[in-house]
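Residue-level listing of the chains:
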Amino acid sequence: FGACVFLLAMEGIICLAMASVIAMPLSCLGALAGFGIQSNHHASRVPPVLLLSCLLLMGFEKMENPKPVSYAVTSRVEVDAPPEVVWNHVVSFSELPPVEDWIFKTGLAYPLRAEIEGEGVGAVRHCVFSTGAFVEPITIWDEPYVLAFDVTSQPPPMKELSPYHIHPPHLDGHLESKRGEFRLERLEGGRTRLTGTTWYKHNMWPATYWRAWSDFLIGRIHQRVLNHVKNLSERE
């Protein structure tokens, strides 16, 4: 089934691999149940309508319509430079070096640079990724200690690995960044602890399983940005 979905340009190979962790055990469970029914000498007595009703019940979970779940991911790095220097490279930063992390070579969106229009609360920051730009109106401008922003627009989270040009529905709105924040803490010796946090929602279920993936991937994005800010600040 996964091969058919891939060949019919409905999904990319990375998302199929992620979903297979759930699909494989369920497929094995279904196969065992089917084998148990057909191998039993009472199999012919099982009303076909009972099996059909099980099939029809598969869509009833949609009736619950659960709310998207909110999560936060926080990453930190210590910088050998004072907050006044680090702040300038947090607000906006130059082009990042080419990606070396293998995870970003699978199609996952990764940051390229950050630009800002204006200064203070109400300014608009654009964090440009490989798939487009996040639009981030500034909500807190406490120079040089706190920069916080909402996210009003975001690009697709990834580009599917596929021989076709595809855009599956789950790339729109299923993983939604809501706001972000940078905190700069002054340390002894003219150093800074830089903390970045992203608050996001996703409505893919089971939420606990998909959170493991999204937390991991957002953490890798954080580290790419924080390490770049660290390198720029320390060189200055």
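You'll find the structure just up there.
All values derive from a computational prediction rather than experimental measurement.

So, the overall build of the chain
Piece 1. Assigned secondary structure in the chain consists of 5 helices and 7 strands.
Piece 2. Helices (α) and strands (β) of the chain occur, in sequence order from the N terminus, as α-α-α-β-α-β-β-β-β-β-β-α.
Piece 3. The C-alpha radius of gyration computed for the chain amounts to 23 Å, which surpasses the reference 18 Å derived for 236 residues by more than 25%, pointing to a less compact arrangement than a globule.
Piece 4. Counting only C-alpha atoms, the chain reaches 80 × 35 × 30 Å along its principal axes.
Piece 5. Taking all contacts inside the chain whose residues are at least 6 apart in sequence as the whole, residues at least 24 apart take part in 60%.
Piece 6. Summed over all atoms, the accessible surface of the chain reaches about 14000 Å², with 62% contributed by carbon and sulfur.
Piece 7. For the chain, the distance from the average position of its 20 positive side-chain charges to the average position of its 25 negative side-chain charges is 6 Å.

Looking at the layout of surface pockets
Piece 1. Roughly 280 Å³ of volume is contained in the second largest pocket.
Piece 2. Surrounding the second largest pocket, 14 residues form its lining, Pro97, Pro98, Glu100, Arg224 and Asn227 being those nearest its centre.
Piece 3. A per-class count over the lining of the second largest pocket returns 5 nonpolar, 4 polar and 5 charged.

A short note on the sheet that holds strand β3 (residues 124-129)
Piece 1. If you walk across this open sheet you meet the 7 strands as β1-β7-β6-β5-β4-β3-β2, and the pairing is antiparallel. At either margin of the open sheet sits one strand with a lone partner, and together these are β1 (69-79) and β2 (111-117). Each strand axis lies, on average, 25 degrees off the axis of its neighbour in the sheet, ignoring direction.
Piece 2. Of the strand pairs in this sheet, β2 and β3 are connected by 6 bridges, and their pairing is antiparallel. Across the sheet, Glu115 pairs through a bridge with His126, a residue of β3.
Piece 3. This element, helix α4 (residues 83-91), spans β1, β2, β3, β4 (132-142), β5 (146-150), β6 (175-187) and β7 (191-202) of the sheet and lies at about 165 degrees to β6.
Piece 4. Helix α5 (residues 207-235) rests against β1, β2, β3, β6 and β7 of the sheet, and its axis sits at about 30 degrees to β1.

Structural notes on the side chain of His228
Piece 1. By the element assignment, His228 lies in helix α5.
Piece 2. A distance of 3.1 Å separates a polar side-chain atom of His228 from the backbone oxygen of Ser94.
Piece 3. Residues contacting His228, with those up to four places away along its chain left out, are Phe93, Ser94, Glu95, Leu96 and Pro97.

Section: a nonpolar patch on the surface
Piece 1. Nonpolar side chains collect at one region of the surface, where Leu52, Leu55, Leu56 and Met58 lie side by side and expose about 440 Å² of accessible area between them.
Piece 2. As for its placement among the helices and strands, Leu52 is situated in helix α3 (residues 48-56).

A short note on the packing of α4 against α5
Piece 1. Between α4 and α5, the shortest axis-to-axis distance is 9 Å and the interhelical angle comes to 135 degrees. Relative to α5, the element α4 lies oblique. The two elements α4 and α5 cross, and the hand of that crossing is right-handed. Contacts between α4 and α5 involve Val85, Val86, His89 and Val90 from the first element and Val229, Leu232 and Ser233 from the second.
Piece 2. In terms of residue class, the contact of α4 with α5 is built from 5 nonpolar, 2 polar and no charged.

About the criteria used
- Residues numbered from 1 in each chain as written.
- Predicted model: local features only at pLDDT ≥ 70, side-chain atom pairs only at ≥ 80, totals over all residues.
- Heavy atoms only, no water.
- Helix = DSSP H or I, 4+ residues; strand = E, 2+ residues; numbered from the N terminus.
- Rg over C-alpha atoms; globule rule 2.2 N^0.38 Å.
- Contact = heavy atoms within 4.5 Å.
- Areas by Shrake-Rupley, 256 points an atom, 1.4 Å probe, with all protein chains shown as cover.
- Lys, Arg positive; Asp, Glu negative; His and termini not counted.
- Charge placed at Lys NZ, Arg CZ, Asp CG, Glu CD.
- 1 Å grid on protein atoms, 1.4 Å probe; cavity = no way out; pocket = protein on both sides within 12 Å on 5 of 7 lines; lining within 4 Å.
- Points joined across faces, edges and corners; volume = space filled by probe spheres on them.
- Nonpolar A, V, L, I, M, F, W, Y, C, P; charged D, E, K, R; others polar.
- Pairing = 2+ DSSP bridges.
- Axes fitted to C-alpha atoms, helices over the stretch in contact; angles between N-to-C directions.
- Polar contact = N/O pair within 3.5 Å; in protein donor to acceptor, adjacent residues only side chain to side chain.
- Patch = residues over 30% accessible without salt bridge, like charges linked within 9 Å, V, L, I, M, F, W, Y side chains within 5 Å.
- Salt bridge = Lys/Arg side-chain N within 4 Å of Asp/Glu carboxyl O.
- Parallel < 35°, antiparallel > 145°, perpendicular 65-115°, else oblique.
- Left-handed = near helix turned anticlockwise from the far one by under 90°.

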